[in-house]
Amino acid sequence: MKLRQKISVIYVGILLTMTSTSHASDNAGSAVQTEFTDKAQYQAALPDIIEFSEFVHRVRYFYPSEVVSDTQWDYFLEHVISDMVKQPATARMQYAMLELKKVAPYIEVDKGKLPVLDKQGAARTWYNGAARWFYVYERTLLSDKPEELKSSMLTAKSDFYSDIYDSQAVYWPLYLSEQDSLAGKAFKEQKRNLSLHQPAMCMAALSSIWGEIYHFWPYFEQVDVNWQDSHSVLLQACIDEPGNFETTARRELSKLQDNHLYFGLPEEYSAYGQYSLPIRLQQIENKAILTHKTDYLSQQIDIGDELLAIDDVPVAELVNEMLGTRLRSKHFERSIAIAQLAYTYQSPDLYKLTFKKPSGEIITTTTATIHNKVIGRFYNNQTQPPLIKELGDGVVALRLYDIKEQAHYDAAKERLKTAQAIVLDMRGYPKNFALIRSLLGYFTDAKATIGPFKQFVQRLPNQADPHTLSFDLGVPLNEKLYDVPTVAISQTYNQSSGEHFLMIAQNMDIPIVGEVTAGINGDIMFGTVFSGQANGGVTYIYTASRSDQVDGSKLIGVGIQPDYLVPATQASIVESRDVQMEKATQLVRQALAR
């Protein structure tokens, strides 16, 4: 596939008073118009599908029952959506509610009919620290006496939730007795042949991801995005031109500006493959500069040359077409788009590459995309410096991010004790968080943390009543061993833990030299629908904690701003000069001279 192609009614009141033992699906066949459901039917039913799905997401995360906890909600949504479209328009919402009430029976139009809690008995309610148990996050059904549960800062303050369904006020419990928590029947996976090209599965998958982010993503007050409207756009993509739903999903997710985002589809559905051009590109001086290559590339092309076009399509045009779909923040996405020009191809093909040398000479070469397993080693004109490098006159450069073993830590700790000045090279993702954290503790005898770091416990749907948990994440108060001029170096691709330690450096008043960083920190959330991309479904990642700058301003979409902005230049790449290390060394020498 060429690059251009790749980039390129029974009233709801009557319904809700029916008992949960009613099974609409038992006689649904009488309402089915035809076994073949075309996209026009999905289009006609779309408003109802959206409303029902959003109601389901609220129930999924906040209705306090074991049955809800055990239900496979992606498969439930697919099942109901695929049958909703077969119902007469006047019966869709009623049918869908009947299916939901099999799982969560206590949804009522009369709140007086909600189950009554026994004050002396055990009750259940949700602790919603996140969308699921994962790594540092916890989501669990709590059990205790009602008054004990309600006295916690982490739980809902009301017994029930007031909702709207099909233009009708409805109510459902936020607390249930342990016995009532067992009512209903969990929906489990049904063994059927499903495909993401089927509208119901596609809608269930994208709606599930949308709903999780809507209820738990912690950055909505800092990012200008209308996520409510994104739901209809995502579901519409499932009935538009086949193959376009990935691009639409990536465009809507990119609006979040979350640089941890990942959206992974099985290979047969994705435009992103396992083949690459034998080049690596970086945005330098707003150009696509060749920074690494393999032996598959013509020897005429040198590190530092500018890529002008692929198959005669200008790089600027290709990059502009990619913007808004990179799952990256606006200040970072052009760098990512330029880098991604070189990889994620789906097949081996020949491409014409047009380069411009620093002298102005234009050279055209033809090369193939090669599978990532056999593409070989990428190299540039530079050699990897040692972990600890002597710069003369007692100035030492430490590649801090590369400390990964105790021996590295011990060697760095001892050498820095006699250094006259220190350059902390932080231009990479930390390989050993604990060791690096400990070593930085020897640079201060005062508390040093990153900026405000928060997790949010959601006590009501729609993030209507969150409780904030704040954490001091910093370095241990070790003995201060290093009290000499020190400078840190940043790069564009610093993010997450790579920014974590830069913020600690800021908090210790260590100047930063280099580039504006990616702008995301905090622990990620990993999720799957329909068993994940390896099994025909979708895998996704987003940031579930909120991390702000040291001064309290937002980090997301902004990045850490260095004290001395020193970007790489095309000339520095050609000459194999590390201009950021040069500037950092100059600064510590000047401090020594003073």
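Now for a description of the structure that goes with this document. (Residues numbered from 1 in each chain as written. Predicted model: local features only at pLDDT ≥ 70, side-chain atom pairs only at ≥ 80, totals over all residues. Heavy atoms only, no water.)

Take the overall build of the chain next. What the chain contains, in helices and strands, is 17 helices and 25 strands. When the backbone C-alpha atoms are referred to their principal axes, the chain occupies close to 85 × 60 × 35 Å. When each of the 594 residues of the chain is scored for burial, the buried share is 55%. Between the centroid of the 57 positive side chains of the chain and the centroid of its 70 negative side chains there is a distance of 3 Å. (Helix = DSSP H or I, 4+ residues; strand = E, 2+ residues; numbered from the N terminus. Buried < 20%, exposed > 50% of the residue type's maximum accessible area, 1.4 Å probe, protein only. Lys, Arg positive; Asp, Glu negative; His and termini not counted. Charge placed at Lys NZ, Arg CZ, Asp CG, Glu CD.)

Bringing the nonpolar core into the picture now. Judged by nonpolar contacts, the single largest core of 87 residues is most densely connected at F52, L100, I107 and Y542. Apart from the residues within four sequence positions on either side, Y542 is in contact with A131, E212, I213, F216, W217, D258, H260, L261, I524 and M525. Counting residues in hydrophobic clusters, the runner-up holds 34 residues, among them Y409, A412, I512 and I560. (Core = buried A, V, L, I, M, F, W, Y, C linked by side-chain atoms within 4.5 Å. Contact = heavy atoms within 4.5 Å.)

Next up on the list: the state of the cysteines. Using the criterion set out here, one finds 1 disulfide in the structure. Disulfide pairing places C202 opposite C238 at an S-S distance of 2.1 Å. Across the disulfide from C202 to C238, rotation about the S-S bond amounts to roughly -70°, and the bridge is consequently left-handed. Here the residue C202 occupies a position in helix α8 (residues 199-216), and C238 occupies one in the loop between α9 (227-237) and α10 (245-254), the gap between them amounting to 36 residues. (Disulfide = S-S within 2.5 Å.)

Our focus in this paragraph is the packing of helix α5 (residues 73-84) against α8. At a closest axis distance of 8 Å, the pairing of α5 and α8 adopts a crossing angle of 135°. Here α8 runs oblique to α5, going by the angle between their axes. Here the hand of the crossing between α5 and α8 comes out right-handed. Every residue of α8 that contacts α5 at D74, L77, E78, I81 and S82 is listed here: A200, M201, M203, A204, S207 and S208. Tallied by class, residues from the contact of α5 with α8 come to 6 nonpolar, 3 polar and 2 charged. (Axes fitted to C-alpha atoms, helices over the stretch in contact; angles between N-to-C directions. Parallel < 35°, antiparallel > 145°, perpendicular 65-115°, else oblique. Left-handed = near helix turned anticlockwise from the far one by under 90°. Nonpolar A, V, L, I, M, F, W, Y, C, P; charged D, E, K, R; others polar.)

Here T369 shows up in the loop between β13 (362-368) and β14 (370-371). Classification of T369 by relative accessible area gives buried; the value is 3%. Within polar-contact distance, the side chain of T369 engages the backbone oxygen of S347 at 2.7 Å. When residues no more than four places from it in sequence are discounted, the contact partners of T369 are Y275, S276, L277, Y345, S347, P348, D349 and Y351. (Polar contact = N/O pair within 3.5 Å; in protein donor to acceptor, adjacent residues only side chain to side chain.)

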